[in-house]
Amino acid sequence: MFEIFTLSEAELSAVKLSLIVGFWSVTASLPFGIFFGWLLARYDFFGKSILDGFLHLPLVVPPVVTGYLLLLLFGRKSGLFGPFLYDTFGLSFAFNYKGAALASAVVAFPLMVRAVRLSIESIDLGLEQAAKTLGAGPLRVFFTITIPLAMPGIISGIVLAFARSLGEFGATVTFVGNTQGQTQTLPLALSAVLQVPGSELYAARLAIISLIIAFASLILSEYFARRAKKYKQSGRV
């Protein structure tokens, strides 16, 4: 009766790995997402459109192509940077959860950058200029004015990137494979289950778990975004 609510060890492993991959992909890409979002929002420079297009390339390139490019760059034996990273730092991305996090971060990065950029563009430049006239340096203005006011967009970018990471399949399976306990996230586990005849119940269970996690992340996003918006409107920055 309660079989649908009882997760196997493999399914628990997939859920745990998905959360770990989503967390690290967002954590590692967040500083870069804020930087490039701020750069594109505040400055006009030669090659800006090229940089903008390059950052958003993962949105239009097939995920399998993204995974293949990551393999060419970070493959442990034949990748462009892979051998150096392994020999120098002992760091290997291919066929482990770190590679899954990297693939998810690359695919989700454009969503984060866009959310941050739009949020910063909506900030009144007069507030930053007023802080500068009062003697605040660029770093202080950035961390005490820009970041707090852009927080709703940053939170939205974090959640969008996390949700995209949870659903990443093509780049991950191409770059790190589908190994249970090592690289098998929820989408990969669902794909593996669907290959087994008569496994509709288990597939439905994994799909429901994915929906619950994604929905919970959206609820948390809305909650924190509202709190950040109230903070912004209170004028305490």
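Residues numbered from 1 in each chain as written. Predicted model: local features only at pLDDT ≥ 70, side-chain atom pairs only at ≥ 80, totals over all residues. Heavy atoms only, no water.

As annotated in an unreviewed UniProt entry, the protein is Molybdenum transport system permease from Candidatus Mucispirillum faecigallinarum. For the record of the protein, the UniProt heading Sequence similarities (unreviewed entry) holds the text "Belongs to the binding-protein-dependent transport system permease family. CysTW subfamily." (UniProt positions renumbered as here; feature names shortened; annotations may be inferred.)

The next thing to look at is the nonpolar core. Ile154, Leu186 and Ile213 are the most contacted members of the largest nonpolar core, which has 29 residues in total. Going through the elements one at a time, helix H1 (9-42), helix H6 (97-121), helix H8 (138-166), helix H10 (186-194) and helix H11 (200-234) are the ones with two or more residues in this core. Considering each element in turn, this core owes the most residues, ten residues, to H8. When near neighbours in sequence (up to four residues on either side) are disregarded, Ile213 contacts Val15, Leu19, Phe162, Leu166 and Leu186. Grouped together as the second largest cluster of nonpolar side chains are 14 residues, Leu85, Phe93, Ala100 and Ala101 included. (Core = buried A, V, L, I, M, F, W, Y, C linked by side-chain atoms within 4.5 Å. Buried < 20%, exposed > 50% of the residue type's maximum accessible area, 1.4 Å probe, protein only. Helix = DSSP H or I, 4+ residues; strand = E, 2+ residues; numbered from the N terminus. Contact = heavy atoms within 4.5 Å.)

For the rest of this paragraph, the subject is the packing of aromatic side chains. All told, the structure shown has ten aromatic pairs when counted by the stated rule. Ring plane angle 80° and centroid distance 5.3 Å describe the contact between Trp38 and Tyr43, whose orientation is recorded as edge-to-face. By relative accessible area, Trp38 is classed as partly exposed at 22%. For Tyr43, a relative accessible area of 43% corresponds to the partly exposed category. (Phe/Tyr/Trp six-rings, centres within 6.5 Å; stacked < 30°, edge-to-face > 60°.)

Attention now goes to the UniProt feature "transmembrane region" (unreviewed entry) in the protein. UniProt feature "transmembrane region" (unreviewed entry): in the numbering of this structure it lies at residues 20-41, 53-74, 94-113, 141-163 and 202-225. The span residues 53-74 is 86% helical and 0% strand by assignment, and the distance between its end C-alpha atoms comes to 22 Å. Here residues 141-163 runs as 100% helix and 0% strand, with 31 Å between its end C-alpha atoms.

Time to look at the UniProt feature "domain: ABC transmembrane type-1" (unreviewed entry) in the protein. Here the UniProt feature "domain: ABC transmembrane type-1" (unreviewed entry) sits at residues 15-224. The span residues 15-224 carries 78% helix and 0% strand; its end-to-end C-alpha distance comes to 24 Å.

Space inside the largest pocket adds up to approximately 870 Å³. As for the largest pocket, its lining consists of 25 residues, and the residues nearest its centre are Leu70, Phe74, Leu102, Ala105 and Val106. Broken down by element, the lining of the largest pocket gets its largest block of residues, seven residues, from H6. Across the lining of the largest pocket, the residue classes tally to 21 nonpolar, three polar and one charged. Forming the boundary of the second largest pocket are 16 residues, of which Trp38, Arg42, Tyr43, Pro138 and Phe142 lie nearest the centre. (1 Å grid on protein atoms, 1.4 Å probe; cavity = no way out; pocket = protein on both sides within 12 Å on 5 of 7 lines; lining within 4 Å. Points joined across faces, edges and corners; volume = space filled by probe spheres on them. Nonpolar A, V, L, I, M, F, W, Y, C, P; charged D, E, K, R; others polar.)

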